[in-house]
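Spelled out, the chains give:
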Number of protein chains: 2
Amino acid sequence: MIAGGYTGRILRANLTTKTFAEETLDERLAREYIGGAGFGIYYLYHEVPAKADPLGPENKLIFASGPLCGTDAPCASRMSVTGKSPLTGAVGMAMTGGHFPAELKFAGYDAMIIEGVADEPTYLLIKNGKVLFRNARHLWGMSSFDCQHFIKNELKDEGLRIACIGPAGENLSRLAAIINERHAAGRKGLGAVMGSKNLKAIAVRGDDPVPIADKEAFTKAKTRMLKAMKESPVLYPAFAKLGTPMVVEASWGLGTLPAKNWTATGEWSPNGRIDVESNDKHRVTNEYCYQCPVGCSQLKMVRGGKHKGAVSVPEFESMYCFGSHTGVESLDPIILADRICDELGIDSISAGVTVGFAMELFERGIITAKDTDGLELKFGNGDAMVEMIRKMAMKEGFGALFADGVRAAAERIGGDAGLYAQHVKGLEMPGYDVRGLKAHGLSLATAYTGADHNRGYAFQEVFGIPEPYPVDRFAIEGKGKLTRWNQDARCVTCDCAPMCAFLMDMAVPGIALENTADLVNGVSGLGLTPREVELAGERVNNLAKAFNTREGFTRADDILPARLMTEPIKEGASKGQYIPQEDLDSMLDEYYEDRGWTKDGRLTKGKLEELNLRVVAEELARAGLI
Amino acid sequence: MIAGGYTGRILRANLTTKTFAEETLDERLAREYIGGAGFGIYYLYHEVPAKADPLGPENKLIFASGPLCGTDAPCASRMSVTGKSPLTGAVGMAMTGGHFPAELKFAGYDAMIIEGVADEPTYLLIKNGKVLFRNARHLWGMSSFDCQHFIKNELKDEGLRIACIGPAGENLSRLAAIINERHAAGRKGLGAVMGSKNLKAIAVRGDDPVPIADKEAFTKAKTRMLKAMKESPVLYPAFAKLGTPMVVEASWGLGTLPAKNWTATGEWSPNGRIDVESNDKHRVTNEYCYQCPVGCSQLKMVRGGKHKGAVSVPEFESMYCFGSHTGVESLDPIILADRICDELGIDSISAGVTVGFAMELFERGIITAKDTDGLELKFGNGDAMVEMIRKMAMKEGFGALFADGVRAAAERIGGDAGLYAQHVKGLEMPGYDVRGLKAHGLSLATAYTGADHNRGYAFQEVFGIPEPYPVDRFAIEGKGKLTRWNQDARCVTCDCAPMCAFLMDMAVPGIALENTADLVNGVSGLGLTPREVELAGERVNNLAKAFNTREGFTRADDILPARLMTEPIKEGASKGQYIPQEDLDSMLDEYYEDRGWTKDGRLTKGKLEELNLRVVAEELARAGLI
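Residues numbered from 1 in each chain as written. Chains lettered and ligands numbered in written order. Predicted model: local features only at pLDDT ≥ 70, side-chain atom pairs only at ≥ 80, totals over all residues. Heavy atoms only, no water.

Visitor: Looking at this structure, how should I read the relation of the copies chain B and chain A?
Guide: The operation relating the two chain copies consists of a rotation about an axis and a shift along that axis. Least-squares fitting of chain B to chain A yields an RMSD of 0.0 Å, with the transformation described by 0.0 Å of translation along the axis and a rotation of 180°. Classification of the inter-copy transformation places it as that of a two-fold axis. Of every C-alpha in chain B, the one belonging to Glu158 of chain B sits nearest the axis of rotation, 2.9 Å from it. A shared binding surface is used by both copies, with 100% of the interface residues of chain B retained as interface residues in chain A. (Least-squares fit on C-alpha atoms with pLDDT ≥ 70 in both. Contact = heavy atoms within 4.5 Å.)

Visitor: Can you walk me through unusual backbone geometry in this structure?
Guide: Note on backbone geometry: most residues besides glycine have negative phi, and most peptide bonds are trans. Geometrically, the link from Ala497 of chain A to Pro498 of chain A is a cis peptide bond, its omega value of -15° lying close to zero. Note that Pro498 of chain A resides in the loop between α19 (479–496) and α20 (501–506). Positive phi outside glycine occurs at Lys51 of chain B, with the angle close to 65°. Mapped onto the fold, Lys51 of chain B is located in the loop between α2 (37–47) and β3 (61–64). Its identity as a non-glycine residue notwithstanding, Gln291 of chain B has a phi of 60°, on the positive side. Mapping Gln291 of chain B onto the fold places it in the loop between β13 (283–287) and β14 (297–301). (Helix = DSSP H or I, 4+ residues; strand = E, 2+ residues; numbered from the N terminus.)

Visitor: Would you mind showing me how to read the pairing of strand β9 (residues 161–164) of chain A here?
Guide: Regular strands place their side chains on alternate faces of the sheet. Residues and elements named next belong to chain A. Neither face of β9 is left uncovered, since the one carrying Arg161 and Ala163 and the one carrying Ile162 and Cys164 both have all their residues buried. The pairing of β9 with strand β12 (residues 199–205) spans four bridges and is antiparallel. Within the sheet, the bridge partner assigned to Ala163 lies in β12 and is Ile202. (Buried < 20%, exposed > 50% of the residue type's maximum accessible area, 1.4 Å probe, protein only. Pairing = 2+ DSSP bridges.)

Visitor: Would you mind showing me how to read the pattern of salt bridges here?
Guide: Two side chains carrying opposite charge are able to pair once their charged atoms lie near each other. Residues and elements named next belong to chain A. By the definition in use, this model includes 112 salt bridges over all chains. Of the charged contacts, one joins Arg9 and Glu22 as a salt bridge, the two residues approaching to 3.2 Å between their closest N and O atoms. Pair noted here: Arg9 is in strand β1 (residues 9–14) and Glu22 is in strand β2 (residues 19–24), with a separation of 13 residues, a long-range link. In this structure Glu22 comes out as partly exposed when scored by relative accessible area, which is 37%. Among the ionic pairs, Glu551 bridges to Lys84, the shortest N-O distance being 2.6 Å. Of this pair, Glu551 sits in the loop between α22 (530–550) and α23 (562–566) while Lys84 sits in strand β4 (residues 79–84); the two residues are 467 residues apart in sequence, bridging distant segments of the chain. Looking at Lys84, the relative accessible area reads 4%, which means it is buried. Look at the salt bridges and you will find they share partners, linking Arg484, Asp488, Arg531, Glu534, Asp594 and Arg595 into a network. (Salt bridge = Lys/Arg side-chain N within 4 Å of Asp/Glu carboxyl O.)

Visitor: How should the state of the cysteines be read in this particular structure?
Guide: Here, disulfide denotes a covalent bond that connects the sulfur atoms of two cysteines. Residue and element names in this part refer to chain A. Under the definition given, this model contains zero disulfides over all chains. This cysteine, Cys75, is not joined by any disulfide, and Cys292 carries the nearest cysteine sulfur, 3.8 Å off. You can call Cys75 buried: its relative accessible area is 6%. (Disulfide = S-S within 2.5 Å.)

Visitor: Is there a simple way to think about the interface of chain B and chain A in this case?
Guide: How large an interface is tends to be reported as the accessible area lost when its parts come together. Contacts between the two partners involve 34 residues from chain B, matched on the other side by 34 residues from chain A. If you look at where chain B meets chain A, you find eight salt bridges. The salt bridge involving Glu158 of chain A is made with Lys152 of chain B; its shortest N-O contact spans 3.2 Å. Our enumeration of links across chain B and chain A arrives at 11 residue pairs in polar contact (both at pLDDT 80 or more). Those elements that place two or more of their residues in the side of chain B that touches chain A are α4 (144–154), β13, β14 and α14 (382–394) of chain B. The residue inventory of the side of chain B that touches chain A, partitioned by class, reads 10 nonpolar, nine polar and 15 charged. (Polar contact = N/O pair within 3.5 Å; in protein donor to acceptor, adjacent residues only side chain to side chain. Nonpolar A, V, L, I, M, F, W, Y, C, P; charged D, E, K, R; others polar.)

Visitor: Mind showing me how you'd approach the sheet that holds β3 of chain B here?
Guide: Whether parallel or antiparallel, the strands of a sheet pair through hydrogen bonds between backbone atoms. Residue and element names in this part refer to chain B. Here six strands make up an open sheet; going across it, the order is β2-β1-β6-β3-β4-β5 and the pairing mixed. Only two strands of the sheet have a single neighbouring strand rather than two, namely β2 (19–24) and β5 (91–96). The average undirected angle you get between the axes of adjacent strands in this sheet is 15°. As paired elements, strand β1 (residues 9–14) and strand β6 (residues 111–115) share five bridges and run parallel to each other. Note on β6: the bridge partner recorded for Asn14 is Glu115. Docked against the sheet, α2 engages β1, β3, β4 (79–84), β5 and β6, running at close to 20° with respect to β4. (Axes fitted to C-alpha atoms, helices over the stretch in contact; angles between N-to-C directions.)

Interpretation in functional terms is not warranted from these geometric data alone.
As structure tokens, then:
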């Protein structure tokens, strides 16, 4: 029994048999994987067999938070959702925030493992130590917001926190998200996994506080953290007021704001379009996750015109994918598109990138209005964007062709459509033109989830924060090591501990691992060193790599979209930059070496054993994969 | 201090000064007016001066529940909202249900009186004995559902119950509703009064139970009531399963389902269109008000097509106003229209009736597509209906012309447009073609709120329930007396006690007054006789009449729409029926006599004094109005 931080219990619910069991959390698992994505990937690797159909009964979904979640450590109401991704075929892991993660702890669980397939639409109710499998036939088809409302209503409990899918998940769109409150475990199509299991929603409520092992140590760690937050030159002065949309200006300044399906980076300016000033006119209020003193979510509302009154929280990524990426110049359709994605439960980044991809195909004449149910899918057509997203989520008309993202659409369309598809490993590209941010590019190429900015975000390059490595963002050398550190430190700090990624970037970038160790030790009493904490991050990344290896991924998959490797950025502060194969190879060589992997990017027995992953090493060796 | 049922406190909040005060509930007020609409009309009459602008600072809004509300008496979470109606110029009083009414009691108040005008958008927070005036600038423009969500979110309290307005109320549409949860104090434009006061919302939460004066007597009364509910041949076997939409079939059977702006009653059949079977395909689940064992709200969802996933609770009145009245044959746009009305905060009945009115004008060529922003407003065009409602609520384009209902639109359009406007005193007609239900027609003609089915619903005619009067629905004789009883009994039972109207109709129609007396006495210890209870209803109706008299209403206003008085129903079980002036006059004569009013429909000193309304009698006498 661990002294604090953890509830010590893991819930295993089987939808096929409609039974559940409680398991005891192993202290070794806590020490070696900390929580969150660590737990998720641990169970995924060990329980989902190789080559399992992501939308079949063998796949599982693991919801897991970590020791800080549910305590009053700032910004720790975070949770991972892990399963095999139907979009990438690799590890699917997405983080979400809000209140659900903390509530799951209060309900008594560090993690829950969802198995099997229900014979009809079902939702889970987890409350006061009871787990009920409830019929959800009546909720099938409902938007994520309605679904949450009506579950609270029918259970007469407004305090429930609910994670659910919308129509996109039911329709098995491989871009489907899981929505809790108005937050999302958005990427990698985990909403489709939930849909494939006939699981509409999970409602949780609990009253058990999370025990603190060493209150004095915990208070000390918290105090330092809060001080660092207060002293951050960015966090309260800018970020709390502007939220992630402040990155629009920053990225534009760096010449790395992708535009028009990445054809016009550095040319398409956000000024007067989706810039900060325009944001402010639409701003309604800040929203807060549980125990967050920052409230970075900037609630925005359309103030006039035909979409007047539409409300959403469009993050930087939405400004990118529905704005610059599609050439849409008004915030109104951006807000509406963001709202529709949340209601219908489809990942905003992937949906928007897919629309931009379709727009390039349309502009090139590869598809025409005959293929788009008459929609004039030109860059800048915000109404067409909104309608296409709706059709994708509903798999209606031509929406079905694009409902599984750019890679699947390019394959279906054939010809050279794939040249314009912006993705890595099938996951659509997030909003940084990494031709001008090399470490970030390397991270997207190598992250176990595909093109995922949250797995190794190079804040050093974006914000110029010098810790722990001073960097030249165009340089190739050193980016392998930087990326390795970024991936491991972020993994354990943000995805396992867990802690909001923005704190790592803006408050404690130089002391992330020490800070995480102190907080985790305070709540749990585990007594981990900062090095052990870092090793946990490395372990999780290696185990994820092992999963992907078993699925057939190789060095050839650690690649970037064709355009980024062949076409230099034409204008702006990153003009002339691109990442030709030889540059990517240089970075990969350094990265693999720093990881202790082979030159061709394979795991090694030595590294796995060093990370106490002997069983994994043996399995991969038997399969001839190391 | 009354022994139970009442909190004994009334909240008075002034938006101009941002101050509030608590007043003690006078026992005489409780004895003579019981609660709810009684309290509302009492304060309206005594505090809002004659000829006050309904959208000006002199108007007030009184939210009031009654002694049964918040107890475990079944179906008593009801609340009246009262103010001078901007739609009719008469008393505006609308009832709502859900959870807000009970929560207001738990928060400590029998009633709250809202006065003045805030200098900027404001919302009230009433919780734990505190009243806060909070800035609502950021919520202005938001839909009613979003508004409720974000207030809970920013106050970090999911247990709040919130009444608010949507854009229609902000835009001062005289059809604007007040929405709490997904319920509405819908009619008479009280949402515009809230909007005129810059009051976006009222959020309440409380924990004080409602004291019960005589538990034994209360339990006895409840037991009898629950037994009557159980024994009702309609309530559980049909109503709990079908909700109010069951009236579609019933009314069609009577030949009284109005169709195509009342031109095609008896011709336009609901079978295969909006009938019960079709309803069932769309049915999702039942929704329950606080302490309701029935759950008549039938949540419905669009199952396919372009509006797939739209969710709402379209009552019978929505089936009428968005269905038969507009000739729309699919439940899908009906559900969507109902949903949009709730989101934008516009009264569904008035909105739908106004669309049907515009459709007749369009079909007659009085307005053309040039006047309707291109909308083909033909009977049966569900998409045009939905779009017109949105434009009305937003006062966008031609929507502004119709945003204040049929009477105002007819005046603006001029010519003989008024001949096709279905309203009484400016309030649009609800869904009973009263040409075939004479008492119900008389009630609509005389109700203090205008054409309001809830002020004296003639269940005897609709359901053929023989208590207390056996009736021939086509007969003229006896309908004056029946209507007087229906209005008074319903007023005290449903609008003051309060109790859900459906219980009066379906469970205790023959013992309504005795039942109400026993329940009210049980909770309050007031020891009222059934006759005193009935007198309270009569008193409230007379005081409302006094308010309207002071505003200039006379016998000439107790009238029905022109079509009903000149055109017989052409087909069906009410074929040939209409209400010519002489029939209306006969009924009015009997009605006024039974009310103790003069032949020309004026109040009398004698009746007012009999009802202990001496002060009112003196004021009206001074003004030469009696």
